[in-house]
Amino acid sequence: MRYAMLLCAALAATALGPEAAEPADASLAAWNDLQTEYQAAMNEYFRPWREARAKGEEYQLDGANHPNKTYGAKFKEFAAAHEGTEGAAKALVFVLRVGTKAEQDEALHALLQDYIGMKAMKDAAGSLRYRDDGAAALRTIAAKSPHAEVRGFAWLTLGQALKETDPEGAFAARETVAKEYADHPWYRGTLGEKAEGDIFEVKNLSVGQTAPDIEGEDVNGVPFKLSDYRGKVVLLDFWGDW
């Protein structure tokens, strides 16, 4: 029996090998440490500006000393050191946000090539809206991610990315979200609620559409409806005070 147990242990060690994959929680813990360090650097960078503002003074920040100038490379090094882990994927997403153009392109290539199955691709999708190649990358994520929430997030962001250049494609992407990913969480509410709001905007609030009727009171407290002024030129001024 003792021999059998030793043999099993030896086989397990051989299977794992000397360079066994790093536990996901270890990479995420290390990633959280690096994030904390980055946030501290950001706070220190903006500290003189905040102090000057509190005194009613002006302060000119030196863009050359912005933490993004150095942390893009640090995030890239972290991803290389923790290759293949969720922590590495998160680091590459940060490079996609704060790195130089060349670093961003390299990070996107790595994410699509080697990390498409990671949950961090949800955050990557959110960073692709304004890239020239963002729509193609979002379609790749929507097609290949094994996580429904990530796919839904990619479809929704694709709808936002195509809003000006391909209205029909944008509408179709939002309808996909509403039909297939409605129950997954969004920043506030669900993906379905966000998609339905975007669809309503396209159908009812786009240039050339009839404005929805509005009811309220004028400055004298007299009730009125927007439809009362149909056929006339009307200026609507929406404002709030928070």
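Residues numbered from 1 in each chain as written. Predicted model: local features only at pLDDT ≥ 70, side-chain atom pairs only at ≥ 80, totals over all residues. Heavy atoms only, no water.

(A) Representation of the pattern of salt bridges in the model. All chains considered together, the criterion is met by 11 salt bridges. Of the charged contacts, one joins aspartate 105 and arginine 131 as a salt bridge, the two residues approaching to 2.7 Å between their closest N and O atoms. Residue aspartate 105 is found in helix α5 (residues 101-114), and its partner arginine 131 is found in the loop between α6 (121-126) and α7 (134-144); the two are separated by 26 residues along the sequence. According to the relative accessible area criterion, aspartate 105 is partly exposed, its value standing at 30%. When the shortest N-O distance is used, the salt bridge between lysine 194 and aspartate 198 registers 3.3 Å. Here the residue lysine 194 and the residue aspartate 198 both occupy positions in helix α10 (residues 191-204), the gap between them amounting to 4 residues, near one helical turn. Taking the relative accessible area as the measure of exposure, aspartate 198 reaches 7% and is therefore buried. Because the salt bridges share partners, they merge into one network encompassing Lys101, Asp105, Arg131 and Asp133. (Salt bridge = Lys/Arg side-chain N within 4 Å of Asp/Glu carboxyl O. Helix = DSSP H or I, 4+ residues; strand = E, 2+ residues; numbered from the N terminus. Buried < 20%, exposed > 50% of the residue type's maximum accessible area, 1.4 Å probe, protein only.)

(B) Local environment of the nonpolar core. Counting 47 residues, the largest nonpolar core has Phe75, Leu111 and Ile141 as its most contacted members. Tallying contributions element by element places helix α4 (residues 86-98) first for this core, with 9 residues. For phenylalanine 75, the residues in contact, after removing those within four places along its chain, are Trp31, Leu34, Tyr38, Ala91, Phe94, Val95 and Val98. (Core = buried A, V, L, I, M, F, W, Y, C linked by side-chain atoms within 4.5 Å. Contact = heavy atoms within 4.5 Å.)

(C) Structural view of a nonpolar patch on the surface. Taken together, Ile214, Tyr229, Val234, Leu236 and Phe238 make up a surface patch of nonpolar side chains, about 470 Å² in accessible area. Positionally, tyrosine 229 belongs in the segment after β2 (223-225). (Patch = residues over 30% accessible without salt bridge, like charges linked within 9 Å, V, L, I, M, F, W, Y side chains within 5 Å. Areas by Shrake-Rupley, 256 points an atom, 1.4 Å probe, with all protein chains shown as cover.)

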